[in-house]
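Summary of the model geometry
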Amino acid sequence: MNKPRLTYFDFAGSRGEECRIALHLAGIEFDDVRVKSADWPALKESMPFGAMPVLQMPGKPALAHSNAILVFIGRQHGLHPVDAFEAARHEAMMCAVEELRHAITPTLRISDPEQKRAAREALAANELATWGRQVERQLDDGPFVGGQSLQVSDIKLYMVVRWLTSGTLDHVPTTVLDHCPKLLRLYRAVGEHPGVKAWLAKSAQ
Ligand SMILES: N[C@@H](CCC(=O)N[C@@H](CS)C(=O)NCC(=O)O)C(=O)O
């Protein structure tokens with residue numbers, strides 16, 4: 001292996017896609033390994049923590065957990081704050097995205113339609129609404145978390161806002177974050193970033 005390798009499921013979303021975008025913005029040429037769901041059970045045990053994404057750098061052990069991967073890339077390529085406190089503040093935002101995803105995940109496994117509706121409506125009214133408010137009050141003039149320059153924390157927020165407002169989560173209205181204008185402005189700014197746009201056009205093909 002002579003270049004970095006990012007391994008994730010074969011779709012252009014979530015934790016894997018945010019790492020791919022960061023690698024792309026960093027200008028790192030990488031092997032974009034996309035695992036089919038059917039092949040995952042056989043691979044799971046070989047991953048450091050039994051999950052993906054996983055980044056492999058030449059000569060180093062595999063690195064798991066999207067936030068660790070993002071911070072690693074960000075620190076080396078000007079996509080994460082140099083100031084320790086500011087960096088920690090960005091990392092707290094990234095942790096909050098992970099916590100939110102963990103709150104949503106159990107609802108993905110509900111098969112009964114009425115139970116699913118109830119769980120998703122409660123999620124939208126409670127956890128999602130609260131999370132949005134909490135993030136919103138930590139955003140400033142923006143458009144990004146740190147002001148004018150896009151960082152890995154912005155990519156992470158972008159990816160989760162895209163999911164929540166896409167209408168793909170049944171019973172979660174696309175307006176669920178309408179009470180968070182700064183967060184929606186950040187989402188638009190990331191989506192309009194030329195490097196992000198270029199990657200998304202390529203990744204979705
Ligand atoms: N905290 C981890 C969570 C990783 C995770 O749960 N990944 C999911 C895909 S987004 C996964 O690998 N699911 C398959 C499984 O756990 O078997 C991270 O941020 O990377």
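Residues numbered from 1 in each chain as written. Predicted model: local features only at pLDDT ≥ 70, side-chain atom pairs only at ≥ 80, totals over all residues.

1. A closer look at the overall build of the protein
From N to C terminus, the protein includes eight helices and four strands. Secondary structure elements in the protein, listed N-terminal to C-terminal, are β-α-β-α-β-β-α-α-α-α-α-α. Over its C-alpha atoms, taken along the principal directions, the protein stretches across nearly 50 × 45 × 30 Å. Counting every position in the protein, which comprises 205 residues, the buried fraction comes to 32%. A fraction of 71% describes how many contacts in the protein between residues 6 or more apart in sequence connect residues 24 or more apart. (Helix = DSSP H or I, 4+ residues; strand = E, 2+ residues; numbered from the N terminus. Buried ≥ 20, exposed ≤ 12 C-beta atoms within 10 Å, placed from the backbone. Contact = placed C-beta atoms within 7 Å.)

2. Some points on the sheet that holds strand 3 (residues 54–56)
The four strands are arranged 2-1-3-4 in an open sheet whose pairing can be described as mixed. With partners counted over all chains shown, the strands left at the sheet margins are strand 2 (31–35) and strand 4 (63–64), one partner each. Across five bridges, the pairing between strand 1 (residues 5–9) and strand 2 is parallel. Bridge pairing in strand 2 places Leu6 opposite Asp32. Across the sheet, helix 1 (residues 14–25) lies against strand 1, strand 2 and strand 3, angled at about 155 degrees from strand 1, the strand it touches most. (Pairing = 2+ DSSP bridges. Axes fitted to C-alpha atoms, helices over the stretch in contact; angles between N-to-C directions.)

3. Points about the nonpolar core
Buried together is how nonpolar side chains tend to be arranged in soluble globular proteins. Of all hydrophobic cores here, the largest spans 44 residues; its most connected members are Ala22, Leu70, Leu157, Val161 and Leu183. It is helix 6 (residues 152–164) that provides the largest number of residues to this core, a total of eight residues. Residues from two domains meet in this core; each of domain 1 (5–79 + 196–203) and domain 2 (84–193) gives at least three. (Core = buried A, V, L, I, M, F, W, Y, C linked by C-beta atoms within 7 Å. Domains from an automatic or database assignment.)

4. Describing unusual backbone geometry
Along the chain, Met52 connects to Pro53 via a cis peptide bond; the corresponding omega equals 10 degrees. Relative to the helices and strands, Pro53 resides in the loop between helix 2 (40–44) and strand 3. Along the chain, Gly142 connects to Pro143 via a cis peptide bond; the corresponding omega equals 10 degrees. Mapped onto the elements, Pro143 comes out in the loop between helix 5 (113–136) and helix 6. Backbone geometry places Ser14, a non-glycine residue, at a positive phi of 55 degrees. In this structure, Ser14 sits in helix 1.

5. Concerning the site of the ligand
Looking at the ligand, the residues that line it are Ser14, Arg15, Lys44, Ala51, Met52, Pro53, His65, Ser66, Asn67 and Glu98. Looking at the shell around the ligand, the elements that each hand over two or more residues are helix 1 and helix 3 (66–76). For the shell around the ligand, the residue count by class is three nonpolar, four polar and three charged. (Near = placed C-beta within 6 Å. Nonpolar A, V, L, I, M, F, W, Y, C, P; charged D, E, K, R; others polar.)

6. Quick look at the domain arrangement of the protein
As a measure of interface size, the accessible area lost when the parts come together is often cited. When the domains of the protein are assigned, the result is domain 1 (5–79 + 196–203) and domain 2 (84–193). Taken together, the 14 residues of domain 1 in the interface contact 14 residues of domain 2. For the side of domain 1 that touches domain 2, the secondary-structure elements that each account for two or more residues are helix 1, helix 3 and helix 8 (194–203). Residues that form the side of domain 1 that touches domain 2 fall into these classes: seven nonpolar, four polar and three charged.

7. Quick look at the environment of Trp199
Take Trp199: it is sitting in helix 8. Trp199 gets classed as buried once you count the C-beta atoms within 10 Å, which come to 20. Separated by 177 residues in sequence, Trp199 and Ala22 place their C-alpha atoms 9.7 Å apart. Setting aside chain neighbours within four positions, we find Trp199 in contact with Arg20, Ile21 and His24.

8. Digging into the environment of Gln76
Topologically, Gln76 is positioned in helix 3. Taking C-alpha positions, Gln76 is 22 Å from Pro48, a pair spaced 28 residues apart along the chain.

9. What about the packing of helix 4 (residues 84–108) against helix 5?
Packing of helix 4 against helix 5 leaves a shortest axis separation of 10 Å and a crossing angle of 170 degrees. One finds that helix 4 runs roughly antiparallel with respect to helix 5. On helix 5, the residues that touch Met93, Ala96, Leu100, Ala103, Ile104 and Thr107 of helix 4 are Lys116, Ala119, Arg120, Leu123, Glu127, Trp131 and Val135. Grouping the constituent residues of the contact of helix 4 with helix 5 by class yields nine nonpolar, one polar and three charged. (Parallel < 35°, antiparallel > 145°, perpendicular 65-115°, else oblique.)

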